[in-house]
Amino acid sequence: MPDPNGFLRYDRRLPARRPVPVRIMDWREVYPPAGEELVREQATRCMDCGIPFCHEGCPLGNRIPDWNDLVRTGNWDAAVESLHATNNFPEFTGRLCPAPCEAACVLGLGGQQPVTIKQVEVEIADAAAARGGLRPQPVPPPTGRSVAVVGSGPAGLAAAQQLARAGHAVTVYERDDAIGGLLRYGIPDFKLEKRHIDARLAQLAAEGVRFRTGVNVGVDVTAEQLRAEHDAVLLACGALQGRDTPETPGRALRGVHQAMTHLVASNRVVAAAGEGRPALAVLPDGMPIDAAGKHVVIIGGGDTAADCLGVAHRQGAAGVHQLDLYPEPPHSRDAARDPWPTWPWVLRNYPAHEEGGERVFAVAVQEFVDDGTGQVKGVRIAEVTVEKRDGRRIVTPLPGSERELPADLVLLAIGFEGTEEQPLLAQFGVARNARGAVDARPDWQTDADGVFVAGDMHRGASLIVWAIAEGRAAAAAIHTYLGGVGGLPAPVDPGRQPLAAR
Ligand SMILES: Cc1cc2nc3c(=O)[nH]c(=O)nc-3n(C[C@H](O)[C@H](O)[C@H](O)COP(=O)(O)OP(=O)(O)OC[C@H]3O[C@@H](n4cnc5c(N)ncnc54)[C@H](O)[C@@H]3O)c2cc1C
Ligand code: SF4
């Protein structure tokens with residue numbers, strides 16, 4: 001029986017982040033472990049409200065009140081089991097999820113402080129790793145059926161683990177040189193140290209999942225070959241088509257890059273340093289890309305932009321501006337617009353924002369300014385208003401509001417336009433829809449029989465928690481398609497959307 005009064009005794013508290021001057025000198029995670037006393041105290045704040053709206057907020061349907069109470073009472077082994085019953089990779093979501101569950105927590109009603117669900121989750125996940133490691137689960141006798149998973153992000157990996165645990169032979173194909181998708185080369189180490197991915201991959205490998213890196217499906221191996229070798233295929237190739245701004249004057253100048261170009265290069269340098277190998281962050285043409293000593297302008301207001309900000313500071317940028325097209329959001333929930341328990345539009349301050357830089361809202365770049373040699377030296381911005389008309393976004397500059405910011409390096413973090421156009425699509429006979437995503441039928445099959453889709457490739461650029469949920473659900477559908485015995489858990493269907501008021 002949970003403690004009904006815990007939230008009256010304890011305020012919401014998170015562990016202190018590592019001090020800014022210390023943490024920007026390295027690439028280690030920003031949060032140190034919370035310590036058992038703090039986690040148990042915070043888990044005690046969960047009052048088991050009866051109708052846990054947090055379940056609805058979490059696409060995985062994590063059993064949050066159950067594991068909060070198990071932590072409160074010190075039952076760590078049972079908490080580990082309860083958490084893994086719905087989530088293959090809580091060490092990723094516990095670190096990286098924006099926690100829509102917390103926005104839906106009953107304790108958050110009326111602007112109060114929700115339970116620190118995500119923090120409890122990561123502590124349980126880390127307890128699992130600390131208590132004898134992530135032990136492989138015993139797998140049933142082989143079913144004789146085999147599945148190819150294309151793409152090794154959280155969607156592909158969650159599906160692979162579920163299918164292997166059901167006795168199917170699973171091979172994950174990844175075009176990069178390492179497994180993990182955006183977890184590996186998109187998200188910087190200060191948010192997720194890569195040892196967490198490696199520990200989980202060791203578990204998957206021990207459960208029978210085979211990994212083939214450096215294989216670009218559609219190029220190095222054809223769809224036809226894959227279909228001949230496997231009984232079903234899951235496409236989990238992400239939504240990595242970066243939005244660009246080709247119409248802005250000066251876009252072709254040196255020093256103006258897609259954010260992902262910079263993040264991937266930086267992550268590779270950090271990975272190499274961890275292995276004792278020297279490496280330079282370089283572009284495909286060999287040009288170095290580094291923020292050291294530079295004035296950096298980041299265009300965009302989301303996760304990717306915040307990650308660029310943290311990277312720029314760790315690389316020693318001289319100064320950073322982060323530009324957002326939209327006005328500064330409110331600091332707390334506007335209940336008329338986003339009533340509880342929906343996900344509110346509020347100002348999101350990431351740890352990277354504590355580390356420096358200036359955020360500029362309601363502005364748009366008018367021109368990338370040339371220094372006369374083809375290298376960017378500044379961005380000319382104007383204050384703007386943004387409105388939606390007939391579903392289209394109309395951006396209007398305010399006359400006389402233009403000014404120039406210094407910029408030696410400009411990073412475009414303005415979103416993604418769906419999955420990349422690549423040979424694999426035509427070969428499998430699937431097409432991108434108007435959003436650049438690949439549609440799924442109710443059983444997660446694409447237009448091509450036996451070819452399934454999950455994660456960002458289906459949903460459009462989204463979140464890790466959705467990728468894992470879709471990977472689990474697609475695995476359940478594949479298991480049924482293959483005539484597997486019994487059912488696997490399917491937390492979402494292809495049409496499921498986040499909680500919304502309208
Ligand atoms: C910079 C950045 C930061 C983010 N931060 C967060 C965060 O803090 N919290 C959060 O919840 N979400 C975050 N996200 C979103 C999150 O990373 C994604 O929603 C999630 O990774 C999607 O998982 P996925 O498995 O669908 O695809 P991905 O992780 O994109 O993986 C797709 C994989 O498919 C591979 N692939 C593609 N085509 C082929 C092919 N033809 N052959 C073989 N392999 C192929 C790619 O190389 C890639 O490895 C962030 C995204 C970015 C870009
Ligand atoms: S995965 Fe995300 S939404 Fe689900 S319980 Fe964890 S933090 Fe909350």
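Asks: Break down the packing of helix α14 (residues 259-274) against helix α15 (residues 303-315) for me, citing the residues and quoting the values.
Replies: Interaxial distance between α14 and α15 falls to 10 Å at its minimum, and their mutual angle equals 50°. In terms of orientation, α14 and α15 fall into the oblique class. Judged by the sense of rotation from one axis to the other, the crossing of α14 with α15 is left-handed. Of the residues in α15, those touching α14 at A259, H262, L263 and S266 are T304, D307, C308, V311 and Q315. Within the contact of α14 with α15, the residues separate by chemical class into four nonpolar, four polar and one charged.

Asks: I'd love a proper account of the site of ligand 2, names of residues and values included.
Replies: Close to ligand 2 lie C58, N62, I64, T93, C97, A99, P100, C101, I117, K118, E121 and V465. Elements that contribute at least two residues to the shell around ligand 2 include exactly α8 (100-103) and α9 (117-130). Here the shell around ligand 2 gets three residues from one element, more than from any other, and that element is α9. Residue classes in the shell around ligand 2 are distributed as eight nonpolar, two polar and two charged.

Asks: Explain the pairing of strand β10 (residues 376-389) residue by residue, including any values.
Replies: Bridge count for strand β9 (residues 363-370) against β10 is seven bridges, and the pairing is antiparallel. The residue bridging V369 from the neighbouring strand is G378, located in β10. In terms of strand pairing, β10 meets strand β12 (residues 403-406) through four bridges, oriented antiparallel. Pairing of G378 across the sheet is with P406, part of β12. Sheet topology note: the β10/strand β11 (residues 392-397) ladder contains six bridges and is antiparallel.

Asks: Run through the side chain of Q375, naming residues and quoting values.
Replies: Among the secondary structure elements, Q375 is positioned in the loop between β9 and β10. Within the local environment of Q375, its side chain forms a polar contact with the backbone oxygen of D408, the two atoms lying 3.0 Å apart. Those residues in contact with Q375, other than ones at most four positions away along the chain, are L253, R254, G255, V369, D370 and D408.

Asks: Let's hear about the site of ligand 1: which residues, and what values?
Replies: The environment of ligand 1 is made up of 38 residues, and the closest members are L96, E174, K191, Q422 and D456. With respect to ligand 1, the side chain of R175 contributes an N or O atom lying 3.2 Å from an oxygen atom. If ligand 1 stood free it would expose 1000 Å²; the protein chains cover 97% of that surface. Of all the secondary structure elements, the ones that give two or more residues to the shell around ligand 1 are α10 (154-165), β2 (169-174), α14, α15 and α19 (464-481). In terms of residues, the shell around ligand 1 owes the most to one element, α15, which gives three residues. By residue class, the composition of the shell around ligand 1 is 20 nonpolar, eleven polar and seven charged.

Conventions adopted
Residues numbered from 1 in each chain as written. Chains lettered and ligands numbered in written order. Predicted model: local features only at pLDDT ≥ 70, side-chain atom pairs only at ≥ 80, totals over all residues. Heavy atoms only, no water. Axes fitted to C-alpha atoms, helices over the stretch in contact; angles between N-to-C directions. Helix = DSSP H or I, 4+ residues; strand = E, 2+ residues; numbered from the N terminus. Parallel < 35°, antiparallel > 145°, perpendicular 65-115°, else oblique. Left-handed = near helix turned anticlockwise from the far one by under 90°. Contact = heavy atoms within 4.5 Å. Nonpolar A, V, L, I, M, F, W, Y, C, P; charged D, E, K, R; others polar. Near = heavy atom within 4 Å. Pairing = 2+ DSSP bridges. Polar contact = N/O pair within 3.5 Å; in protein donor to acceptor, adjacent residues only side chain to side chain. Areas by Shrake-Rupley, 256 points an atom, 1.4 Å probe, with all protein chains shown as cover.

On their own, these measurements won't tell you what the molecule is for.
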